[in-house]
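Observations on chain architecture
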Amino acid sequence: KQSIQLNFFTTPFLLSHKTNIIVMGMGFYNSISAVFFSSFFMHAFILHSCLPCFALPGNETDRLALLEIKASITHDPFKVLTSWNETIHFCSWHGVTCGRRHKRVTSLSLTSMKLAGSIPPHVGNLSFLRVIDLEANSLGRVIPPEFSRLHRLQHLWLNNNSLSGEIPTNLSRCSQLLGLDVGFNVLMGKIPKELRLLSKLRYFGIHFNHFTGGVPTSFSNLSSLEVFSATSNNLSGTVPDIFGRMTNLSFLAFDLNSFSGMLPPSIFNLSSLTVLAMAINEIQGSLPSNLGMVIPRLQLFSINE
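Presented here is an overview of the structure given in this document.

Conventions and cut-offs
- Residues numbered from 1 in each chain as written.
- Predicted model: local features only at pLDDT ≥ 70, side-chain atom pairs only at ≥ 80, totals over all residues.
- Heavy atoms only, no water.
- Pairing = 2+ DSSP bridges.
- Helix = DSSP H or I, 4+ residues; strand = E, 2+ residues; numbered from the N terminus.
- Phe/Tyr/Trp six-rings, centres within 6.5 Å; stacked < 30°, edge-to-face > 60°.
- Buried < 20%, exposed > 50% of the residue type's maximum accessible area, 1.4 Å probe, protein only.
- Lys NZ or Arg CZ within 6 Å of the ring centre and 35° of its normal.
- Salt bridge = Lys/Arg side-chain N within 4 Å of Asp/Glu carboxyl O.
- Core = buried A, V, L, I, M, F, W, Y, C linked by side-chain atoms within 4.5 Å.
- Contact = heavy atoms within 4.5 Å.
- Axes fitted to C-alpha atoms, helices over the stretch in contact; angles between N-to-C directions.

1. Some words on the pairing of strand E10 (residues 186–190)
Bridge count between strand E8 (residues 164–165) and E10: 2 bridges; the pairing is parallel. Its bridge partner lying in E10, Ser164 is registered against Val186. Of the strand pairs in this sheet, E10 and strand E12 (residues 210–213) are connected by 3 bridges, and their pairing is parallel. The residue of E12 that forms the bridge with Gly189 is Phe211.

2. As for the packing of aromatic side chains
Under the definition given, this model contains 9 aromatic pairs. Between Phe90 and Trp93, the aromatic rings sit 6.3 Å apart at their centres with planes inclined by 70°, giving edge-to-face as the arrangement. The same class applies to Phe90 as to Trp93, namely buried. A centroid spacing of 5.4 Å and a plane angle of 80° characterise the contact between Phe254 and Phe259, whose relative ring orientation is edge-to-face. Residue class for Phe254 comes out buried when judged on its relative accessible area of 1%. Aromatic rings pair up to connect Phe204, Phe219, Phe228, Phe243, Phe254 and Phe259 into one cluster. Sitting above the plane of the Phe128 ring, Arg152 keeps its charged end 4.0 Å from the centroid.

3. What about the pattern of salt bridges?
Applying the stated criterion to the full structure yields 5 salt bridges. The salt bridge partner of Arg63 is Glu60, with a shortest N-O separation of 2.6 Å. Of this pair, Arg63 and Glu60 both sit in helix H5 (residues 57–71), 3 residues apart, which is roughly one turn of that helix. Taking relative accessible area as the criterion, Arg63 reaches 18% and is therefore assigned buried. Of the residues examined, Glu60 reaches a relative accessible area of 26% and is grouped as partly exposed. Measuring nitrogen to oxygen at the nearest pair gives 3.6 Å for the salt bridge that ties Arg245 to Asp241.

4. What about the sheet that holds strand E18 (residues 282–284)?
Within the open sheet, the 6 strands sit side by side as E8-E10-E12-E14-E16-E18. Their pairing is parallel. Strands at the two margins of the open sheet, each flanked by one partner only, are E8 and E18. Relative to E18, strand E16 (residues 258–262) runs parallel, the two being bridged by 3 bridges. Paired with Met262 across the two strands is Gln284, which belongs to E18.

5. Digging into unusual backbone geometry
Positive phi outside glycine occurs at Lys114, with the angle close to 55°. Its place among the elements puts Lys114 in the loop between strand E3 (105–109) and strand E4 (116–118). Taking the relative accessible area as the measure of exposure, Lys114 reaches 53% and is therefore exposed.

6. Concerning the nonpolar core
Counting 70 residues, the largest nonpolar core has Leu66, Phe147, Phe204, Phe219, Phe228 and Phe243 as its most contacted members. Among the elements of the structure, H5, strand E2 (96–98) and E3 are those that each provide at least two residues to this core. The element best represented in this core is H5, accounting for 3 residues. Residue contacts for Leu66: discarding those within four places in its chain leaves Trp84, Phe90, Trp93, Val96, Val105, Leu108 and Leu126.

7. Some details on the pairing of E3
Among the 5 residues that make up E3, 4 are buried, leaving the element largely enclosed by the rest of the structure. Here E2 pairs with E3 via 3 bridges, running antiparallel. Each bridged residue has a counterpart across the sheet, and for Val96 the counterpart in E3 is Leu108. Between E2 and the antiparallel strand that follows it, E3, lie 6 residues; Lys103 among them carries a positive phi value of about 55°. Pairing of E3 with strand E5 (residues 131–133) involves 3 bridges; the strand directions are parallel. Bridging from a neighbouring strand, Leu108 pairs with Ile132 of E5.

8. Re the sheet that holds strand E11 (residues 203–205)
Overall, mixed pairing links the 10 strands, which are arranged E2-E3-E5-E7-E9-E11-E13-E15-E17-E19 in an open sheet. In this open sheet, the two strands that pair with only one neighbour each are E2 and strand E19 (300–302). On average, each strand axis in the sheet is inclined to that of its neighbour by 10°, with strand direction left out of account. Strand direction decides the pairing type here: strand E15 (residues 251–253) and strand E17 (residues 275–277), joined by 3 bridges, are parallel. Among the inter-strand pairings, Leu252 is bridged to a residue of E17, identified as Leu276.

So, in structure tokens, the structure goes:
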């Protein structure tokens with residue numbers, strides 16, 4: 001407010017008319033001043049009071065998107081969404097976090113709330129989202145392809161739900177994605193080769209689903225990957241040698257699948273590995289006799305007897 005007043009009273013317009021006002025007489029000047037100041041501060045007070053009544057377009061988009069998400073929830077046993085109402089600002093709703101500057105939704109976290117229903121396409125309107133954590137609920141239907149519109153998204157946790165269908169190929173547009181976990185669902189289809197474009201991806205979890213086919217060789221581009229978890233699917237073919245190029249990989253699990261053939265020797269060059277799980281497959285061949293030396297950090301190792 002102080003900066004507005006200062007700028008207003010120092011405008012050339014008021015300075016050029018100051019002499020004419022004084023000539024009219026001090027009494028008249030005081031009257032004009034009183035009326036002017038009274039009117040100015042009254043309008044300023046009204047404007048200030050009404051500021052919360054006006055919603056910026058982006059903020060309104062976020063609010064409406066959240067209400068669509070609420071409408072898609074059919075079961076809320078803990079009543080966590082009762083706070084999602086008109087009496088308080090949406091930034092104070094349960095599980096919602098907003099940025100300080102723009103008051104846009106940056107995080108949506110509703111983990112382990114036993115929520116049932118689906119994820120509506122309107123989630124793609126929350127354009128400032130960086131984190132979505134809907135882990136451990138009972139959400140069904142498909143993963144909406146509108147997630148691809150969230151170009152700021154860094155973490156997408158949808159594990160432990162009842163999601164079906166396939167992973168949308170256009171998730172590759174979420175170029176800032178660091179973590180993607182869709183484990184413990186009923187997803188099917190092939191691992192989208194388009195996900196090779198997620199060059200910043202560190203965590204990739206598809207465990208306990210029904211994925212088929214092999215691991216795309218294009219995943220060799222995921223040089224930042226630290227966790228690849230594909231336990232208990234229907235993956236087949238040979239284990240590709242791309243994993244040997246992921247020098248940051250510490251967790252590699254593809255047990256309980258249908259991989260066959262021999263392991264690529266490059267896997268045993270991954271000195272950063274702490275977990276290597278490949279049991280219950282049809283893998284053949286032999287292991288290096290100095291396994292403990294070439295992978296010195298290994299803490300868990302499983303393979304067929």
